[in-house]
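Examining the three-dimensional arrangement
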Amino acid sequence: QCLDNYAVTGTFTILQAKRGEPSDRLFILASTLLRDGYFIYAQDAYQWYPEYRDIGKAKGPMKKEPDGSYSRRFAKATVIVWPEKRLGKIVYK
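Residues numbered from 1 in each chain as written. Predicted model: local features only at pLDDT ≥ 70, side-chain atom pairs only at ≥ 80, totals over all residues. Heavy atoms only, no water.

Observations regarding the packing of aromatic side chains
Taken as a whole and assessed by the stated rule, the structure comprises zero aromatic pairs. Directly above the ring of Tyr92 sits Arg53, whose terminal nitrogen or CZ lies 3.5 Å from the centroid. (Phe/Tyr/Trp six-rings, centres within 6.5 Å; stacked < 30°, edge-to-face > 60°. Lys NZ or Arg CZ within 6 Å of the ring centre and 35° of its normal.)

Now the structure itself:
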């Protein structure tokens, strides 16, 4: 449902993750990258994380995969999100 809501609000969407497990941060970041929203991790968190590296421009829109995940290809990586499992992954080329 959140991804459907995200589709409606478009570029005005901001997804914020509270400090917690690295998998939570990656899930929210990957979810943000499925569309063109904005990502915020914790308040006043000025730390650089490995998954923040450049993935290039999007090669197309998000698509739903047969296994229930969502993915989006970028010039330097593919972003995959499994909403039901609250998992996100960035596969770098």
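A short note on the side chain of Glu51
By secondary structure assignment, the location of Glu51 is in the loop between strand 2 (38–41) and strand 3 (63–64). Judged by relative accessible area, which is 13%, Glu51 ranks as buried. Discounting residues that sit within four places of it in the chain, Glu51 has contacts with Arg25, Leu26, Leu29, Ile90 and Tyr92. (Helix = DSSP H or I, 4+ residues; strand = E, 2+ residues; numbered from the N terminus. Buried < 20%, exposed > 50% of the residue type's maximum accessible area, 1.4 Å probe, protein only. Contact = heavy atoms within 4.5 Å.)

Some thoughts on the pairing of strand 6 (residues 87–92)
For a regular strand, the rule is simple: side chains alternate between the two faces of the sheet. In this structure, strand 5 (residues 77–82) lies alongside strand 6, joined through six bridges in antiparallel fashion. Bridge pairing in strand 6 links Val79 to Ile90. The hairpin turn running from strand 5 into strand 6, its antiparallel successor, is four residues long, and Arg86 in that turn takes a positive phi close to 55°. (Pairing = 2+ DSSP bridges.)

Considering helix 2 (residues 22–33)
In a regular helix each residue adds 1.5 Å, so 12 residues correspond to 16 Å; helix 2 covers 16 Å between its end C-alpha atoms and thus fits that length. Within the sequence span of helix 2, burial applies to Arg25, Phe27, Ile28, Leu29, Ala30, Ser31, Thr32 and Leu33. (Expected span 1.5 Å × (residues − 1).)

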